[in-house]
Amino acid sequence: MVPLSLVHNISLLVSLCLAEGLLMRWFKRRGLRYSLLMGLLFGAATLVGMSTPMVFRPGLIFDGRSIVLGIAGLFGGPWVAATAAIMAGLFRIHLGGPGALMGVMVILESALLGVLGFYLRRRNQGRLRPLALLGLGGLIHLVMLALMSLLPGGLPLEVIRGIGPAVLTLYPLGFMFVGLAFLELEQHFRMEQALRESEARYRSYVERAPDAVFIADETGAYLEVNPAACAITGYSREELLGMRIPDLLPAESMEASLRHFSNLKAQGSASGEFLFQRKDGRRCWWSVDAVKLTENRYMGYAKEITQRKDSEAARQESEANLQMLLSSTAEGIYGIDMKGNCTICNPACLRMTGFTSADQILGKNMHDLIHHSDAQGRPCPPKACRIYQAFREGRGIHVDDEVFWRLDGTFFPVEYWSYPQLKDGQVLGAVVTFVDITARKRADEEQATLQAQLNQAQKMESLGSLAGGIAHDMNNVLGAILGLASANVERQPAGSPSRQAFETIIKAAERGGKMVQGLLGFARRTTVEERELNLNDLIQEQVHLLERTTLSKVRIEMDLAKDLHPILGDSNTLTHALMNLCVNAVDAMPENGTLILRTRNAGRDGIEVHVEDNGIGMSKEVVDRATDPFFTTKEQGKGTGLGLSLVYSAMKAHRGQLEIQSEPGQGTCVKLRFPACEPGPRLAEAVEASFASAPRNGLEVLVVDDDELIQASLRMLLEALGHSVTSALNGEEALARLKAGCKTDLVILDMNMPGLGGAGTLPQLRALLPDVPVLLATGRSTQTALDLVEADPYTTLLSKPFTMDELRIKIEAVLKPA
């Protein structure tokens, strides 16, 4: 039978739950004041329960204090339990009786075990189940039964038999149900508190949110807005609450807004980007996310994205400009990722590599497509690819000695730059810019050829200057010997030893003169005496000579153009050049071979002479050095190395070109190209023909030469011819004599002298003696000497060395008859 006092006490605990709920709402924080007040409430409930107990015997009562105090300790903690326990203990002492001691001890153990449960619950993070409540209640009341041993006399057994079953069954169940009620109340309070905190946080977030937050009804009228919404629209809160969403939309955004609202009603949420108009008239872009709260309420979140939209527009414009730049640039450009696959390419890249569409290379490995091999066809492994160095080493690469391959299997030389492509400091691949340098390579080769020709010309010029200087001095020596010998040979009796000696000296001097002329031919860049020539005639003369010397060794063929244009040239120089070429050709055919001599017209302004053989030929290295002075492939003692050098010099002197075509085992073809001339008499010949002979004897001759041997020999020659001689060692001395009144009928003027020299003396001499013939004597016919002779009809070239007969002929040719 359930004691009415227990039911009464449980009712008190339920009322206590309601009171605690009120206190929880009043006290936002559970501090000491809250604990003391709760302790007073629990203590009051205990006192009320103890006031209406179940009386077992006078002074021995039972009530629900054990449940109340256990619940106080479990849910209120030590301060609540201690306050309630003190109140209950004092009241029980006040009631007295045999059960006073046991009653106080039950009060203490109930509060203590409840507090123990409080700390265990906190340790387990507040988790508490019904069985745990039942177990704690059973423990409290087991201890209560054990404390009944404190009753005097035989009361413990009597009380245990009378009240024990109810204590072990009803009291733990009552503790459990009351505990569950408190748990429910506590959970409800926590949820309510969390909701209040959530609402506070939400309202705080909305109020402080940087983005606009608004609530609108189904017509778009604003029901609530936050400060950020006011900031980005420029309207106050009161103004916005009197407006509708369409009031902020320009006409171009209206259709998109209606679609957005329809999606929101149909799907419960929608997102979009819209153009809004602020109060100040400025337009700005919003990104709007909206959700449906109820059937007629909607909440929206708006963020201004004007800067982002402007950036996107700028980026799109930049991309368009970049695409336009890529499309218009002449350089090929492509990008690759870290695997070498193509990511971008421009039209120039497609054009140069032979592809017609970007789809043919996008996503494909560019190394495999255009960079797989070198110019010799040897594979180029990707590990050695210098394009990949850009992203492997994180630096730019510049290369100008490789090739790219076209779609059709051909290749072209390229110059390329490969730079790493970075994003946020991370290498994503590389960008390659390249140009086709075929034209540049060709120009470089031509430049190299021209430079080689220039070097050759400078080398020849240097050696020519050296040879010319030696020849000049030798001419003076040979001139003196030849002059003296020719002047004395006629004085000796025919067949006499002295005459034979002089004749031998003359032959030796003439032979030396020819050797010197060979050096001069190598040295000069101009001809000695130019006249109109038909090269067919010169070639036929050479063939007649060769047939007598090489007939048993080679066969000679001629292919001569019948209408060959004439040229202006020096026959001696060209004869020597042709002979050198023919001799070289014969030497290149150790066994029976064929020597072919061809002439042909090269248009109206030039002719060509080909000297061809089918001999052993030459390597490219030999051809490149063939015209170098003193270079020869012949055995020692069988060649001087000057043959082709002299031919080269002769061609330069005739303003022509020399080309050698040869391969080992395929023979050699030497091509000589000359500028043609119009046929007709030359000015020098006309002037010479107009000269008449002057008196042959008794001339006053002024000899101007810095070499005393030449002066002595010339004096002897001229006197032997019956002329009088006045000598001057240089041009200055000659001019001084003329200004002093020296009379002369003829001047023999040396070209190469210190001081004014012949070139400086002739103009001043011509000012003093306008019509006096001048023989310009030189062993080295430079262009300056030829120009002086060409410009002055009364000046004639006299080549050193010369004999007395040659001097007499020259004098007779330039003087008028008496």
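Residues numbered from 1 in each chain as written. Predicted model: local features only at pLDDT ≥ 70, side-chain atom pairs only at ≥ 80, totals over all residues. Heavy atoms only, no water.

What follows deals with the overall build of the protein chain. Secondary structure summary: the protein chain contains 26 helices and 24 strands in total. For the protein chain, restricting intrachain contacts to residue pairs at least 6 apart in sequence, the fraction spanning at least 24 positions comes to 62%. Carbon and sulfur atoms make up 57% of the accessible area of the protein chain, which amounts to about 42500 Å² in all. (Helix = DSSP H or I, 4+ residues; strand = E, 2+ residues; numbered from the N terminus. Contact = heavy atoms within 4.5 Å. Areas by Shrake-Rupley, 256 points an atom, 1.4 Å probe, with all protein chains shown as cover.)

Taken together, the side chains of Leu101, Met105, Leu108, Leu112 and Leu150 define a hydrophobic patch exposed on the protein surface, amounting to about 450 Å² of accessible area. Counting through the fold element by element, leucine 112 comes out in helix 5 (residues 100-123). A relative accessible area of 59% means that leucine 112 is categorised as exposed. (Patch = residues over 30% accessible without salt bridge, like charges linked within 9 Å, V, L, I, M, F, W, Y side chains within 5 Å. Salt bridge = Lys/Arg side-chain N within 4 Å of Asp/Glu carboxyl O. Buried < 20%, exposed > 50% of the residue type's maximum accessible area, 1.4 Å probe, protein only.)

It is worth spelling out the pattern of salt bridges at this point. Under the defined criterion, the tally for this structure stands at 27 salt bridges. For arginine 308, the salt bridge is made with glutamate 273, and the minimal N-O distance between the two is 2.3 Å. Of this pair, arginine 308 sits in helix 11 (residues 306-328) while glutamate 273 sits in strand 5 (residues 269-277); the two residues are 35 residues apart in sequence, bridging distant segments of the chain. Note that glutamate 719 is salt-bridged to arginine 715, the shortest N-O span being 3.8 Å. In this pair, glutamate 719 and arginine 715 both sit in helix 22 (residues 708-720), four residues apart, roughly one turn of the helix.

Attention now goes to the nonpolar core. Counting 44 residues, the largest nonpolar core has Phe42, Phe62, Ile71, Met148 and Phe175 as its most contacted members. Those elements that place two or more of their residues in this core are helix 2 (32-51), strand 2 (60-62), helix 3 (65-76), helix 4 (78-95), helix 5, helix 6 (130-147) and helix 7 (155-208). For this core, the leading source of residues is helix 7, giving 11 residues. Once you skip the residues sitting within four places of it in the chain, methionine 148 turns out to touch Phe62, Met102, Pro156, Val159, Ile160, Ile163 and Val167. (Core = buried A, V, L, I, M, F, W, Y, C linked by side-chain atoms within 4.5 Å.)

What follows is about the packing of helix 3 against helix 5. Remark: helix 3 packs on helix 5, axes separated minimally by 6 Å, with the N-to-C direction vectors making an angle of 30 degrees. If you check the angle between helix 3 and helix 5, you find them roughly parallel. When you trace helix 3 past helix 5, the crossing you get is right-handed. Contacts between helix 3 and helix 5 involve Arg65, Ser66, Leu69, Gly70, Gly73, Leu74, Phe75 and Gly76 from the former and Gly103, Val106, Ile107, Ser110, Ala111, Gly114, Val115, Gly117, Phe118 and Arg121 from the latter. Residue composition of the contact of helix 3 with helix 5, grouped by class: eight nonpolar, eight polar and two charged. (Axes fitted to C-alpha atoms, helices over the stretch in contact; angles between N-to-C directions. Parallel < 35°, antiparallel > 145°, perpendicular 65-115°, else oblique. Left-handed = near helix turned anticlockwise from the far one by under 90°. Nonpolar A, V, L, I, M, F, W, Y, C, P; charged D, E, K, R; others polar.)

Evaluation of the coordinates by the stated rule reveals nine aromatic pairs. Centre to centre, the rings of tyrosine 388 and phenylalanine 391 are 5.5 Å apart; their planes meet at 35 degrees, and the pair counts as tilted. Clustering of aromatic rings is evident, with ring pairs tying together Tyr334, Phe404, Phe412, Tyr416 and Phe434. Above the plane of the ring of tryptophan 285 lies lysine 309, whose end atom (NZ or CZ) is 4.5 Å from the centre. (Phe/Tyr/Trp six-rings, centres within 6.5 Å; stacked < 30°, edge-to-face > 60°. Lys NZ or Arg CZ within 6 Å of the ring centre and 35° of its normal.)

Bringing the sheet that holds strand 12 (residues 426-436) into the picture now. Hydrogen bonding along the main chain pairs the strands of a sheet, whether they run parallel or antiparallel. What the five strands build is an open sheet, ordered 9-8-12-11-10; its pairing is antiparallel. Where the open sheet ends on each side, the last strands, each with one partner, are strand 9 (342-345) and strand 10 (397-405). Taking the axes of each pair of neighbouring strands and ignoring which way they run, one obtains an average angle of 30 degrees across the sheet. (Pairing = 2+ DSSP bridges.)

Let us now look at the packing of helix 2 against helix 3. Contact geometry for helix 2 and helix 3: axes closest at 9 Å, N-to-C directions at 175 degrees. Relative to helix 3, the element helix 2 is oriented roughly antiparallel. Residue-level contacts link Phe42, Ala45, Thr46 and Met50 of helix 2 to Arg65, Val68, Leu69, Ile71 and Ala72 of helix 3. Split by residue class, the contact of helix 2 with helix 3 holds seven nonpolar, one polar and one charged.

Turning next to the pairing of strand 22 (residues 746-750). Judged by how many residues are buried, strand 22 sits mostly within the fold: five of five residues are covered. Residue alternation in strand 22 divides its side chains into two sets, Leu746, Ile748 and Asp750 and Val747 and Leu749, and both sets are buried. Sheet topology places strand 20 (residues 700-704) next to strand 22; four bridges connect them, and they run parallel. Paired with valine 704 across the strands is leucine 749, a residue of strand 22.

Below, the discussion takes up unusual backbone geometry. Here the bond from lysine 800 into proline 801 is cis, since omega is -10 degrees, no more than 30 degrees from zero. Structurally, proline 801 is set in the loop between strand 24 (795-799) and helix 26 (804-814). For aspartate 424, which is not glycine, the phi torsion reads 55 degrees and is therefore positive. Within the secondary structure, aspartate 424 is located in the loop between strand 11 (411-423) and strand 12. The class of aspartate 424 is exposed, set by a relative accessible area of 78%.

Let us look at the pairing of strand 24. Strand 24 sits mainly inside the fold: four of its five residues count as buried. Pairing of strand 23 (residues 774-778) with strand 24 involves five bridges; the strand directions are parallel. Bridging from a neighbouring strand, leucine 776 pairs with leucine 797 of strand 24.

Ordered by their spatial adjacency, five strands build an open sheet running 14-16-17-19-18, and the pairing between neighbours is mixed. Each edge of the open sheet carries a strand with a single partner, namely strand 14 (554-559) and strand 18 (657-662). Taken pair by pair, the neighbouring strands of this sheet meet at an average axis angle of 15 degrees, ignoring direction. Pairing geometry for strand 17 (residues 606-613) and strand 19 (residues 668-675), over eight bridges, is antiparallel. Its bridge partner being in strand 19, glutamate 608 is matched across the sheet by arginine 673. The sheet contacts of helix 18 (residues 571-587) involve strand 14, strand 16 (593-601), strand 17 and strand 19, and relative to strand 19 the element is tilted by about 165 degrees.

Counted under the stated rule, the structure contains zero disulfides. With no disulfide of its own, cysteine 385 has cysteine 380 as its nearest cysteine by sulfur position, at a separation of 5.6 Å. (Disulfide = S-S within 2.5 Å.)

This next bit is on the side chain of arginine 65. For arginine 65, the position within the fold is in helix 3. Owing to a relative accessible area of 5%, arginine 65 belongs among the buried residues under this scheme. Separated by 3.5 Å, the side chain of arginine 65 and the backbone oxygen of glycine 103 make a polar contact. (Polar contact = N/O pair within 3.5 Å; in protein donor to acceptor, adjacent residues only side chain to side chain.)

Now for the environment of threonine 410. With respect to the helices and strands, threonine 410 occurs in the loop between strand 10 and strand 11. Sequence separation between threonine 410 and glycine 354 is 56 residues; the distance between their C-alpha atoms is 9.5 Å. If near-sequence neighbours (up to four positions away) are discounted, threonine 410 is found in contact with Phe404 and Trp405.

For any part of a model where pLDDT is low, the fine detail of the predicted coordinates should not be relied upon. Residues with a pLDDT of 70 or more make up 85% of the protein chain, whose mean pLDDT is 81. Confidence drops under pLDDT 50 across residues 681-696; counting only partners more than four residues distant or on other chains, this segment forms 32 contacts. (pLDDT = per-residue confidence, 0-100.)

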